[in-house]
Each structure stands twice: as structure tokens, then as C-alpha cells.
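Survey of secondary and tertiary structure
This is what each chain is made of:
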Amino acid sequence: MDDFVYQDGQLHCEQVNLDDLVARVGTPVYVYSQRTFQQHYDRMAEAFAPIDPLICFSIKSCGNIQICKMLADRGAGMDVVSGGELYRAQKSSVAMNKVVYAGVGKTDVEIRDALAAKIGYFNIESEAEFENIATIAKQMGTTAQAALRVNPDVADPKTHAKTTTGAKETKFGVDLERAIRFFETYGHNQHLQLTAIHLHIGSPIYSAEPYVRAIKKAMILIEDLRQKGFHVTALDIGGGYAADYEKGRSPSAAGYAKDIVPLLKGFHRDGGKIILEPGRSIAGNAGVLLTRVLYLKFGGKKKFVIVDAGMSNLIRVAMYDSFHFIWPTNVVPAHVPTNRSQHMAMDGLEPCDVVGPICETGDLLAKQRPLPPVARDDLLCIFTAGAYGMVMASNYNAMPRPAEVMISGHHATIVRRRETYEDLVSTELEVQPI
Ligand code: LLP
């Protein structure tokens, strides 16, 4: 699962006691385990090894450049969706031919930068976008590879409506029926060579089954295209592999691979390249958010635990009603969690709403959650916050964004310093006429 483990009732990340760490770095703070990151990447690489995939870590899930560097050192490419993410990949010394670039709204400036960087693939989301990238490539006298993103019309009913993308009528990609026409229209372009298919069916996807359905449809499309003389040389099956928000809830990398790999073996044997774009399955369990209890209060029959982290630090609960396991970092033996689940059955727990300091009713981290007794100044750990945590943090209510710390064994390193009030206003101090 991960390297956030209780030793003698005290939560550790690898060998570092997290209460001791917080005494040095303050709260709120994101803490990452290097070992968990590496293991989760390695497990993915091992599970899919029979089809030798390029694993493009989805930067949008956790973009810290020290983390991207660490993954790039292990051979990872990157999945980017903006000029900013491309810049992060460049700063992380990622091999540019291992970068895939998705997103429905790439601007001309972003396209130019990506063409100049010679990225691996543009994942194409529409006809208009193809034409624009091809035109710019021609102007620049360069060539690039493109993957057509198709919607296989497959959805996982367990995926939140806001993060499902594989069904028809999403803003992403083109319908399967339009794909052949797309290749017929654009498949011979010299400057933007359409040689690949891209799928991304949503996130998180809690079983291999939706991938199986999507890949089967993609293989039929690839065969139809072959018969029409279009040779598809790469298939990008996207991301969405789940993280363990609750213990044992998501399949392991091997669990996904068991059903997916056999479908792709033939394509691989014929020289086809396979690309994966995992984000949360690598980053999710590798990070936590630590927060300090400020106040306890009662409203009617409800007990509120007011903490110093809120939706400005971790918006997933407010935005998607997501579940993040929350537990004190310091507990009596009877309250050491052997499990992480929505329904913790232990004596002495009390249902609490864990809420943040932001002036919004929706600023909550957990609702009616059974927790051990907590007091002012206790530390709470919000688990599985490594993906879509810090990257979605904001400065709402003029809250400086937290620090990020990387742990490796006994060592802790600040990989992003805490923002200051000066940081909050620095870009507003350069007032100039235009
Ligand atoms: N590839 C593409 C084209 C994507 O759009 C995404 C995620 C991924 C890969 C990576 O998905 P992952 O393996 O991390 O599940 N903010 C939401 C998630 C939005 C996902 C957007 N796309 C959340 O906090 O759950």
C-alpha cells in the first residue's frame, strides 16, 4: 500500500517520525515517501513488462520537479497537458521524445514550444486542433507524431461524473465512428504524422474491465485502419488506474496488467508501441497531508474538528466528495489503525466533521467520520493525498500554499518551500502601464 506506517502508536513515513518532522517544518505540509513512489512506478513497469510499455507519468497528478526527476531517472516519460507542464518536464530533465501532450485547448504558443522541444506525441482532441498543429509545424518546417484520442464510449460507473472521460459526449477526443474519417482526411499529412491512437477513459477506474472493453474496441479500429492502408504504430491506453484510498479497494498494477496485457501482446509482437499514462496509482499513496487541530467545537449535535488545512490545500473532498482516510498521527495502542476504511470499527471513536479554515461551508475534509479522541494541537494525517493534492492547491482566502517534503529512509528534504505572504502579492507589485 505505502510507507506511512504506525510504529509504537506514532505515524512514520519510512524511518521518519512525522510529529518530529512537523516540529521542524510546520503545518499544513505535504509529505511524500520516495520508496512508495519508486515501488509504485516499478510495480507498474514490472506488471506491464511483457509489452515493454513507455510509462508516461501524468504530471497533472503531482508535478513537483524533484519527483518528476526521480521518475525520469527510472525511465519514465511524462504525460503533459499544458505549456506549464511541458516546462516542468523540461526542468525535470525528462527525455522529450518520451513526452505525450494531451488537452483540448492547446494554444499556438504552447504548440510551438512543444514542436520546438520535439516531444514524442501530440494527443489530438479534434479536427480543428489537428489542422492548427499541422499548420504550425509546416510554418516551422518541422514534423511531429500525432495520436488520435478516441472515445471508446466506455465508462466506469464508479468514476465520479466530473472525472469520467471515456463516454460519448465528453469534451475530449473524437467518437470512434469519426476516427476512420479522421485518418482518411488527415492520415497523409507530412508535418503531423498520424500514427497512433490514444485512449483515456476516466479516473479513477476501479477495475480492469472498462480498459478491456476500450482496448478491444481500439484493436478493431486499428485493424479497420490497417485494411484501409493506415498503419497505427502506437497505442496509448491512458491513465486512471486507482489508488488505495481505502485499503485493498483498488486492483494492484499486476491486477490491471493480468487482463490488459494479453489483449496487447499481438500488437506489441508486430512492433506496436504501448504507452501508459498513470498518475494517481503512482503518486496517490506516496503522499499525505499533515494538518494541526486548531479547535474543537459543537454545532447542534455535531462535533467539528477544525484544522489548519482546508479546501485550499486539498480540494478533492469539496469537489468530488472524495474519501480520504484521516487519522491522528499519535494514538494509543487500541487506536492504531490496522485498516484504512470508511467504516472503522473500534471502541472509543466519535463521529466528527473535519473542517478547514476557509470561509465556505463546503470546506470540509471528512463528514461524520469516526475518529479517536483528538485535542487542540494534535496532528492529523490525511492519507492518499499525493495525487491531485498539491497540484490543485490554491491561494483562496490568501492562504499561502504548503511546503512539500520528500522522505527517503531517515532523510527528509524540503522539495518545495512553504509560500510566504510576500509570494502571495509579488506578481501584483509589478504594476505597469500597457
Ligand atoms: N491521461 C489523461 C489524458 C488524463 O486526462 C489523466 C487525468 C491521466 C492520464 C491520469 O489519470 P490518473 O492515472 O492520475 O487517474 N482531479 C481529479 C482527477 C482528474 C483526472 C484528469 N485526468 C481527482 O482529483 O480525482
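Going by the structure above, here's the rest.
Report follows, based on the coordinates.

What counts and how
- Residues numbered from 1 in each chain as written.
- Predicted model: local features only at pLDDT ≥ 70, side-chain atom pairs only at ≥ 80, totals over all residues.
- Heavy atoms only, no water.
- Helix = DSSP H or I, 4+ residues; strand = E, 2+ residues; numbered from the N terminus.
- Contact = heavy atoms within 4.5 Å.
- Polar contact = N/O pair within 3.5 Å; in protein donor to acceptor, adjacent residues only side chain to side chain.
- Phe/Tyr/Trp six-rings, centres within 6.5 Å; stacked < 30°, edge-to-face > 60°.
- Buried < 20%, exposed > 50% of the residue type's maximum accessible area, 1.4 Å probe, protein only.
- Lys NZ or Arg CZ within 6 Å of the ring centre and 35° of its normal.
- Axes fitted to C-alpha atoms, helices over the stretch in contact; angles between N-to-C directions.
- Parallel < 35°, antiparallel > 145°, perpendicular 65-115°, else oblique.
- Nonpolar A, V, L, I, M, F, W, Y, C, P; charged D, E, K, R; others polar.

Examining unusual backbone geometry
A negative phi angle is the norm for most residues apart from glycine, just as the trans form is the norm for most peptide bonds. For the peptide bond that leads from threonine 27 to proline 28, omega is -10°, which places it in the cis range. A cis geometry characterises the amide bond from serine 203 onward to proline 204, with omega recorded as -5°. With a phi angle near 80°, aspartate 377 is a residue other than glycine that sits in the positive phi range. Locating aspartate 377 in the fold gives a position in the loop between β18 (364–371) and β19 (379–382).

Some remarks on the environment of arginine 418
Checked against the element boundaries, arginine 418 lands in the loop between β21 (411–416) and α12 (421–425). For the pair arginine 418 and valine 29, spaced 389 residues apart in the sequence, the C-alpha separation amounts to 8.2 Å. If near-sequence neighbours (up to four positions away) are discounted, arginine 418 is found in contact with Val25, Gly26, Thr27, Pro28, Val29, Arg401, Pro402, Ala403 and Asp423. Polar contacts involving the side chain of arginine 418 include one to the main-chain carbonyl oxygen of proline 28, which spans 2.8 Å.

Notes on the packing of aromatic side chains
Enumeration according to the criterion identifies 12 aromatic pairs in this entry. Note on tyrosine 32 and phenylalanine 37: the rings are 6.1 Å apart at their centroids and 55° apart in plane angle, and the pair reads as tilted. Accessibility assignment for this pair places tyrosine 32 and phenylalanine 37 in one class, buried. Geometrically, the ring pair formed by tyrosine 211 and tyrosine 256 is edge-to-face, given 5.8 Å between the ring centres and 85° between the ring planes. Separated by 45 residues along the polypeptide, tyrosine 211 in helix α8 (residues 209–227) and tyrosine 256 in helix α9 (residues 253–269) bring together distant segments of the chain. Connected via pairs of aromatic rings, a cluster forms that spans Tyr30, Tyr32 and Phe37. The ring of tyrosine 101 has lysine 106 sitting right over it, with the charged end atom 5.4 Å from the ring centre. Between the NZ or CZ atom of arginine 249 and the centre of the ring of tyrosine 206, over which it lies, the distance is 4.0 Å.

A few points about the packing of α8 against α9
Packing of α8 against α9 brings their axes to within 10 Å, and their N-to-C directions diverge by 5°. As summarised for this structure, α8 and α9 are arranged roughly parallel, according to the angle between their axes. Every residue of α9 that contacts α8 at Tyr211, Val212, Ile215, Lys216, Met219 and Ile222 is listed here: Tyr256, Asp259, Ile260, Leu263, Leu264 and Phe267. Of the residues that constitute the contact of α8 with α9, the class distribution is 10 nonpolar, no polar and two charged.

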